[in-house]
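Okay, here's what each chain looks like letter by letter:
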Amino acid sequence: MSTNNDNAAAAVIAFVSGAVIGAAAALLLTPKPGREVREKLTDLGESAAEKMKRLAREAKFKVAPKTKGGDYQYDGGDAWI
């Protein structure tokens, strides 16, 4: 079951990374002055970094095991053999 969650998280990260790379390539190939392209790339990089951090937090939350109550461990007590 954990493998499915890992694969889903990897797929989301790959999709977002591909979208960012495609958008950057599109900006670099458009006929605009260098200053405008650099400003757009800076904005794109900042927003992409924020999105990746958000997606990473969400993926980590979804993949993390869900437990009810505290994380209790049984040590067996005094009668444990």
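**Points about the overall build of the protein chain**
Looking only at helices and strands, one finds two helices and zero strands in the protein chain. Surface summary for the protein chain: the accessible area is close to 7,100 Å², and the carbon and sulfur share equals 62%.

**Re a negative patch on the surface**
Taken together, Glu 36, Glu 39, Asp 43, Glu 46 and Glu 50 make up a surface patch of like negative charges. Positionally, Glu 50 belongs in helix H2 (residues 34-63).

**Observations regarding the pattern of salt bridges**
Tallying each qualifying case throughout the model produces one salt bridge. Of the charged contacts, one joins Glu 58 and Arg 54 as a salt bridge, the two residues approaching to 3.3 Å between their closest N and O atoms. With Glu 58 and Arg 54 both in helix H2 and four residues apart, this pair spans about one turn of that helix.

**A short note on the layout of surface pockets**
Within this model, the largest pocket holds a volume of roughly 220 Å³. What lines the largest pocket is a set of 12 residues, and nearest its centre among them are Ala 9, Val 12, Leu 55, Ala 59 and Lys 62. Among the elements of the structure, helix H1 (2-29) and H2 are those that each provide at least two residues to the lining of the largest pocket. When residues of the lining of the largest pocket are assigned to their parent elements, the largest contribution, seven residues, is made by H2. Per-class residue counts for the lining of the largest pocket are nine nonpolar, one polar and two charged.

Reading the values: rules and limits
Residues numbered from 1 in each chain as written. Predicted model: local features only at pLDDT ≥ 70, side-chain atom pairs only at ≥ 80, totals over all residues. Heavy atoms only, no water. Helix = DSSP H or I, 4+ residues; strand = E, 2+ residues; numbered from the N terminus. Areas by Shrake-Rupley, 256 points an atom, 1.4 Å probe, with all protein chains shown as cover. Patch = residues over 30% accessible without salt bridge, like charges linked within 9 Å, V, L, I, M, F, W, Y side chains within 5 Å. Salt bridge = Lys/Arg side-chain N within 4 Å of Asp/Glu carboxyl O. Lys, Arg positive; Asp, Glu negative; His and termini not counted. Charge placed at Lys NZ, Arg CZ, Asp CG, Glu CD. 1 Å grid on protein atoms, 1.4 Å probe; cavity = no way out; pocket = protein on both sides within 12 Å on 5 of 7 lines; lining within 4 Å. Points joined across faces, edges and corners; volume = space filled by probe spheres on them. Nonpolar A, V, L, I, M, F, W, Y, C, P; charged D, E, K, R; others polar.

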